[in-house]
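Okay, here's what each chain looks like letter by letter:
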Amino acid sequence: SNLRPEGPKALATRKREREPLANKPHVRDSRETVSLVCVMSDVPRSFRLLEELERAEKGQVDGTISYGLDQEDDVNLVHWVASIMDRNGDLHSLKLECSPEYPQRPPKVYFSPRIENKHVMADGQVSTSFWMIKDWNASYSIEKLLKAIRDNIVLGRRM
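Since the model is a prediction, treat every value here as computed from it, not as a measurement.

Scanning the chain for helices and strands turns up four helices and four strands. If you list the helices and strands of the chain from N to C, you get α-α-β-β-β-β-α-α. Looking at the 159 residues of the chain, the share that counts as buried comes to 39%. Looking at the chain alone, contacts between residues at least 24 apart form 43% of all its contacts between residues at least 6 apart. About 10100 Å² of surface is accessible on the chain, with carbon and sulfur atoms providing 51% of the total.

Structure (structure tokens):
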């Protein structure tokens, strides 16, 4: 079987598929167990990313950074875009990819277009040697990562 995280629409469909079984407590459907495992493993990531998205959309983040989903209909919350303002008021655009392992694993971050910096690889990706990515902790957030990138890469402060 193909186990993968499900978005909100798929969850509602799966719930409807199970409803007839609710009237027969002695009958157990194997689909119910499999989908429950998928849903439970996905809940922390989805809730966490939805919280982060809500903070960004309500403007509850630092005024020099902004971020949100690249496509509004990205139910898996994978592709994000961000902007970081430098000292001159110029905006630097970034793309982020949050894998199914987020927040246990950091998102991949790309400058688009690439900027010249020792922590930015030829394809624009922020290097895994960047301190916050290298020492990633599941308590970190997209906002905290963007602030570290702003401070260390865009503004050139040392950490």
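If you walk across this open sheet you meet the four strands as 1-2-3-4, and the pairing is antiparallel. On the outer flanks of this sheet lie strand 1 (65-69) and strand 4 (108-111), each paired with one strand and no other. When the angles between neighbouring strand axes are averaged without regard to direction, this sheet yields 20 degrees. As judged from the seven bridges shared by strand 2 (residues 79-85) and strand 3 (residues 91-97), these two strands associate in the antiparallel manner. Within strand 3, the residue paired with Val-81 across the bridge is Lys-95.

Right, let's talk about helix 4 (residues 142-154) for a bit. Among the 13 residues in helix 4, eleven count as buried, and that is most of the element. Buried residues of helix 4: Ile-142, Glu-143, Leu-145, Leu-146, Ala-148, Ile-149, Arg-150, Asp-151, Asn-152, Ile-153 and Val-154, and no others. Positive phi shows up at Gly-156, right after helix 4, with a value of about 75 degrees.

Of note, Arg-150 is situated in helix 4. Judged by its relative accessible area of 11%, Arg-150 is buried. Excluding residues within four positions of it along the chain, Arg-150 makes contact with Asp-62, Thr-64, Ile-84, Met-85 and Leu-155.

Okay, the environment of Ala-138 next. For Ala-138, the location among the structural elements is in the loop between helix 3 (131-134) and helix 4. Ala-138 sits 37 residues away from Glu-101 along the chain, and the two C-alpha atoms are 9.9 Å apart. Non-local contacts of Ala-138, meaning those with residues more than four positions away in its chain, are made with Arg-48, Pro-103 and Gln-104.

To continue, consider the environment of Glu-54. Looking at where Glu-54 falls in the secondary structure, it is placed in helix 2 (residues 30-57). Considered as a pair, Glu-54 and Gly-68 are 14 residues apart in the sequence and their alpha carbons are 8.8 Å apart.

What counts as what
Residues numbered from 1 in each chain as written. Predicted model: local features only at pLDDT ≥ 70, side-chain atom pairs only at ≥ 80, totals over all residues. Heavy atoms only, no water. Helix = DSSP H or I, 4+ residues; strand = E, 2+ residues; numbered from the N terminus. Buried < 20%, exposed > 50% of the residue type's maximum accessible area, 1.4 Å probe, protein only. Contact = heavy atoms within 4.5 Å. Areas by Shrake-Rupley, 256 points an atom, 1.4 Å probe, with all protein chains shown as cover. Pairing = 2+ DSSP bridges. Axes fitted to C-alpha atoms, helices over the stretch in contact; angles between N-to-C directions.

Any link to function would need more than the numbers given here.
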